[in-house]
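So you can see what is in the structure, the chains are spelled out below.
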Amino acid sequence: QVQLVESGGGLVQAGDSLRLSCAASGSTSSINYLGWFRRAPGKEREFVGRLYWRGGAIGYADSVKGRFTISRDNAKNMVYLQMNSLKVDDTAVYYCAVQIQSTLGYTYWGQGTQVTVSS
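I will try to describe carefully the structure that is included in this document. (Residues numbered from 1 in each chain as written. Predicted model: local features only at pLDDT ≥ 70, side-chain atom pairs only at ≥ 80, totals over all residues. Heavy atoms only, no water.)

**Looking at the environment of Y94**
Point 1. As for its position among the elements, Y94 is in strand β9 (residues 92-100).
Point 2. The exposure class of Y94 is buried, given its relative accessible area of 0%.
Point 3. Separated by 27 residues in the primary sequence, Y94 and R67 place their C-alpha atoms 15 Å from one another.
Point 4. Residues in contact with Y94, not counting those within four places in the same chain, are E6, L20, F37, R38, V48, F68, L81, M83, G112, T113 and V115.
Point 5. Reaching out from Y94, the side chain makes a polar contact with the side chain of R38 at a distance of 2.9 Å.
Point 6. Of the polar contacts made by the side chain of Y94, one reaches the backbone oxygen of D90; its length is 2.6 Å. (Helix = DSSP H or I, 4+ residues; strand = E, 2+ residues; numbered from the N terminus. Buried < 20%, exposed > 50% of the residue type's maximum accessible area, 1.4 Å probe, protein only. Contact = heavy atoms within 4.5 Å. Polar contact = N/O pair within 3.5 Å; in protein donor to acceptor, adjacent residues only side chain to side chain.)

Shown next, in the form of structure tokens:
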């Protein structure tokens, strides 16, 4: 199993920056991808970006490309989501999740952290 804990959410103004953290523990050697997702009120869950655990390859949704950056601290098994130029539309609960070897989809999820962007 893999345990995930997000932190770093909060209330900011449009144009501000915020960095979210995702701490991974447990069977981290079994991770293929760590992804960031978000769910805004009344909307479906949305993919934000993902990191290939072994090689560091990263992909982003078009809605955040150029504003959000995923990075990783290998020694600490921490993954970060740096969010710049935040917009009101970025308001959501943000989750990190992992896709495990030999499985489809994201199996383990964190509890989420709220990001609220005010105008």
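**A look at the packing of aromatic side chains**
Point 1. One pass over the full model with this rule turns up six aromatic pairs.
Point 2. An aromatic cluster is present here, built from F37, F47, Y95, Y106 and W109 joined pairwise through their rings.
Point 3. Over the ring of Y80 we find R19; its NZ or CZ atom is 4.0 Å from the centre of that ring.
Point 4. The aromatic ring of W53 is capped on one face by R72, whose charged end is 3.7 Å from the ring centroid. (Phe/Tyr/Trp six-rings, centres within 6.5 Å; stacked < 30°, edge-to-face > 60°. Lys NZ or Arg CZ within 6 Å of the ring centre and 35° of its normal.)

Taken by themselves, the reported measurements are silent on function.
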